[in-house]
Amino acid sequence: MPASVSISISLVIFLWTAFIIIHVATTVALVARSQPSSLEQELKALNETGWWLPWWSEETTSSSCELPGIICNYYGSIEEINLNDTVWIDSDYQQRELRDFNFSSFPNLVRLNLAGVGLWGSIPPEIGSASKLTHLDLSGNHLSGELPLSLTNLTQLVKLNISFNGMSGPIPLGLGNLKSLVELYMGGNSFKGTIPVEVYNLKNLTTLHFGSNNLFGPISSKIGKLKNLVSLNLSDNILSGSIPSTLGLLTSLTHLDLHSNNLFGPISSKIGKLKNLVSLILSDNLFIGPLPPTLGCLKKLTHLFLDSNQINGSIPLEIGNMTKLRYLHLHNNSFTHPIPSTIGQLTNIQTLSLSRNQFNGSIPSKIGRMTKLVSLDLGVNNLVGTIPPSFGQLINLCHLDIHSNQLNGSINPAIGDLKALTNLDLGVNNLVGTIPPSFGQLINLCHLDIHSNQLNGSINPAIADLKALTNLDLSSNNISGIIPNELSQLSRLQYLDLSSNKLSGRIPLDIKNLFNLSVLNLSHNKLSGPCPTQLLNLHALVQLLLSHNYLNGSIPKVISTSRLTTIDLSHNMFSGKIPFELGNLTLLNNLNLSYNKLTGNIPRSPLPKPFHEISLWQLMNQEIYLVDKNVEKCNDRMETR
């Protein structure tokens, strides 16, 4: 190639490169000259909101990018505002409203997160001018009114979260235009009407949350079009009809929550196709029929809540296949038949609630394999037989409730090994024998209820070791002997019911140490001797029930600051006069002193309410003289009885 040609080509390349450099430089210069007005407009708009007042200074704040929660692009224009979970917004700036934010001043805004910053008012129509928005989070504020139609202009939105506000009105049909949406959160508002079918055109959705609104009508079969859905929450609405079979097409679902609606009909066997489900919540509806065996195909399930429906039949044996289950709630249904032994295969379960059904047969001993159980509730069924010894293996159990069944035999001492127990309810069964001494090991027990059984023997003094007890109910048994003085060491006790037993002897004087006691029921026993002087002066005491015993002596005086609302000392052998101080009990609603040996006058004290407004007519069978004008009506009533 000749040298002249080579030089010419080099010259052309040089000139072309120079042209490009000059052009780019000119363009950058032009952009640079145009930027200040746009950036100044953004800075001014931020200032006008008043949200950055604690950080704003006319002298030093020269760029929006310097402010907290602001992220700018390469040219210094705002592309993200994130005030979520901040505490620096001026607390004196009351009633912050979203309309204070000038959306049109932020042409490059891509992400806006104002979750939980205390915004009030409505969402302004100007929000539609932020056309580049891909993420918008206004959740956890006090926003109200209807969604502006302009919101549907934000066609680049990937995530929209307006949950937990006070929004109302219908869900706009135009939401179906937001084809890029992947996550849509509108729960915790007051939206009403039906779910627009246009929503089911958002085929990119992975998350759809409309829970806790006032939506009604059926769930459309078109929901099956949302093949990418991972999480669906339509709970706590007024939705009706059956679950559409097309829901079985959503094979990517991991979380399905439809609780607290008016959905009815049987649970379809197609539920078994949702093999990726981790959480299934259908409680508080009107579902009927037996559970489909295909439920056992959901082997990834950890949460299964089907409680408070009208489901009947038996629990499928296939439930034993769901070995990852941690929470199983089937209470408040109409299940029958025995509890299947395959339930013992759920060795990861932490909460098992089968109460308020019609289960029969015995309690499967294989429940003892569920060593991770924290709560076991089998109450209010028709279970028979004895308490399985394998219960002693449930070392993590905190809550055990098997009340209101037909269990018999003695209380297995192995329950005393459950040292994590805080609540134990064995009431309303046919249990016999004595309370096992091993119960003294339950040092974390707060609530112990064994009422309405056929227990006998005495109250073991070792009960004093249960220092955490707040509620103790041993009523309606055949327990005899004295009330041990050690009972007075349970200083946290708030509720004590030993009524309807065969207890004898005196009420321990140290019972006055139970200063947190609000209810004391010792009625229907064989107690004798005087009523301890300080008993009526326990400051927290609200109900004192000592009727149907052999208590004697005078009724103790009571302090005027007492919280007592009910006093029943009837059917005893009290004598002497009614204490004058009883008239000063301002909260007293029920006073029963009938069937004693009281004499003298009804006190003419300055009553908080006339005695005839209290059930004081229950003074019958006494030698009482009515001397107060306030009780003339009471006298008339007693004479007519």
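Below you will find a few notes about this structure. Within each chain, residues carry numbers counting from 1 in the order of the written sequence. With pLDDT at 70 or above as the cut-off, local features in this predicted model cover only qualifying residues; side-chain atom pairs require 80 or more to be listed or tallied, and sums for whole chains, interfaces and linings still use all residues. Here the side-chain values reflect all heavy atoms present in the structure, with hydrogen atoms and water set aside.

## Re the overall build of the chain
Only DSSP runs of H or I covering at least 4 residues are called helices, and only runs of E covering at least 2 are called strands; the numbering of each starts at the N terminus. On a plain count of helices and strands, the chain comes out with 2 helices and 44 strands. Counting all 641 residues of the chain, 50% fall into the buried class. Contacts are assigned to residue pairs with any non-hydrogen atoms lying within 4.5 Å of each other. Summarising the internal contacts of the chain: among those between residues at least 6 apart in sequence, 47% fall at separations of at least 24. Here the Shrake-Rupley method, with its probe set to 1.4 Å, supplies the accessible areas, and only the displayed protein chains count as covering residues. Of the roughly 28,000 Å² of accessible surface on the chain, 54% is carried by carbon and sulfur atoms. Relative accessibility thresholds used throughout: buried, under 20% of the residue-type maximum; exposed, over 50%; partly exposed, between the two (1.4 Å probe, protein chains only).

## Details of the environment of Asp425
For Asp425, the position within the fold is in strand E28 (residues 423–425). Identification of polar contacts relies on pairs of N or O atoms within 3.5 Å, with a donor-acceptor requirement for protein atoms, meaning one able to donate a hydrogen and the other able to accept it, and with residues adjacent in sequence counted only if both atoms are side-chain atoms. Among the polar contacts listed, one links the side chain of Asp425 to the backbone nitrogen of Gly427, at a separation of 3.0 Å.

## Overview of the sheet that holds strand E8 (residues 166–169)
Strand pairing is assigned whenever DSSP detects at least two bridges linking the two strands. Within the open sheet, the 10 strands sit side by side as E4-E6-E8-E10-E12-E14-E16-E18-E20-E22. Their pairing is parallel. In the strand order of this sheet, the two ends are held by strand E4 (120–121) and strand E22 (334–335), each with one partner. Bridge count for E4 against strand E6 (residues 142–145) is 2 bridges, and the pairing is parallel. Following the sheet pairing, Trp120 is matched in E6 by His142.

## Some thoughts on the sheet that holds strand E25 (residues 384–385)
In a beta sheet, neighbouring strands pair by backbone hydrogen bonds and run either parallel or antiparallel. Read across the sheet, 4 strands follow the order E25-E27-E29-E31 without closing on themselves; strand pairing throughout is parallel. Edge strands, defined here as strands with exactly one partner in the open sheet, are E25 and strand E31 (454–455). Taken together, the 3 bridges between strand E27 (residues 406–410) and strand E29 (residues 430–433) define a ladder with parallel strand orientation. Paired with Gly409 across the two strands is Leu431, which belongs to E29.

## Description of the packing of aromatic side chains
Here the aromatic set is Phe, Tyr and Trp, taking the six-membered ring for Trp, and pairing holds for ring centres within 6.5 Å; pairs whose planes are under 30 degrees apart are stacked, those over 60 apart are edge-to-face, and all others are tilted. For the structure shown, the criterion picks out 6 aromatic pairs. Ring geometry for Trp51 and Phe101: centres 5.9 Å apart, planes at 15 degrees, overall stacked. Of the two residues, Trp51 sits in the loop between helix H1 (3–49) and strand E1 (70–72) while Phe101 sits in the loop between strand E2 (78–82) and strand E3 (111–113), which places them 50 residues apart along the sequence. Measuring from centroid to centroid gives 5.2 Å for Tyr74 and Tyr75, while their planes differ by 85 degrees, and the two rings are edge-to-face.

## A few points about a positive patch on the surface
Patch members must show over 30% relative accessible area and no salt bridge, and they are joined within 9 Å when carrying like charges or within 5 Å when they are nonpolar side chains of Val, Leu, Ile, Met, Phe, Trp or Tyr. Throughout this description, the term salt bridge denotes a Lys or Arg side-chain nitrogen within 4 Å of a carboxyl oxygen of Asp or Glu. His residues and chain termini do not enter the charge count, which takes Lys and Arg as positive and Asp and Glu as negative. By convention, the charge on Lys lies at NZ, on Arg at CZ, on Asp at CG and on Glu at CD. Taken together, Lys179, Lys203, Lys222, Lys225 and Lys227 make up a surface patch of like positive charges. Within the secondary structure, Lys225 sits in the loop between strand E12 (214–217) and strand E13 (231–233). Assessed through its relative accessible area of 33%, Lys225 is described here as partly exposed.

## With respect to the state of the cysteines
Cysteine sulfur atoms that pair up within 2.5 Å are treated as a disulfide. On inspection of all chains with the given rule, the structure shows 1 disulfide. With a sulfur-sulfur separation of 2.1 Å, Cys65 is cross-linked through a disulfide to Cys72. Disulfide Cys65-Cys72: the torsion about the S-S bond is -115 degrees, which places it as left-handed. The closest cysteine sulfur to the non-disulfide-bonded Cys398 is located on Cys446, 10.0 Å from its own sulfur. Note on Cys398: relative accessible area 25%, which makes it partly exposed.

## Looking at unusual backbone geometry
Here Phe164, not a glycine, exhibits a phi torsion of approximately 55 degrees, which is positive. Locating Phe164 in the fold gives a position in the loop between strand E7 (159–161) and E8. Phi at Ser260 is positive, roughly 60 degrees, even though this residue is not glycine. Along the chain, Ser260 falls in the loop between strand E15 (255–257) and strand E16 (262–266).

## With respect to the pattern of salt bridges
Any two side chains of opposite charge can pair, given that their charged atoms come close. Under the criterion given, the structure shown has 1 salt bridge. For Arg99, the salt bridge goes to Glu97, with nearest N and O atoms at 2.8 Å. The class of Arg99 is exposed, set by a relative accessible area of 61%.

## Some points on empty space enclosed by the protein
Both site types are read off a 1 Å grid over the protein atoms alone. A 1.4 Å probe that fits but cannot get out defines a cavity, while an open set with protein on both sides within 12 Å along at least five of seven lines defines a pocket; lining residues have an atom within 4 Å of a point. Grid points are joined across faces, edges and corners, and a volume is the space filled by probe spheres set on the points. One pass over the structure, following the stated rule, counts 2 cavities of 30 Å³ or more. One number sums up the size of the largest cavity: a volume of about 110 Å³. What lines the largest cavity is simply Ile435, Pro436, Pro437, Phe439, Gly440, Leu448, Ile459, Asn460, Ala462, Ile463, Leu466 and Leu474. In terms of residue class, the lining of the largest cavity is built from 10 nonpolar, 2 polar and no charged. Within this model, the second largest cavity holds a volume of roughly 40 Å³. Lining the second largest cavity, in full, are Leu291, Pro292, Pro293, Leu295, Gly296, Ile315, Pro316, Glu318, Ile319 and Met322. Side-chain classes follow a simple rule in which Ala, Val, Leu, Ile, Met, Phe, Trp, Tyr, Cys and Pro form the nonpolar group, Asp, Glu, Lys and Arg form the charged group, and the remainder, Gly included, forms the polar group. Considered class by class, the residues forming the lining of the second largest cavity number 8 nonpolar, 1 polar and 1 charged.

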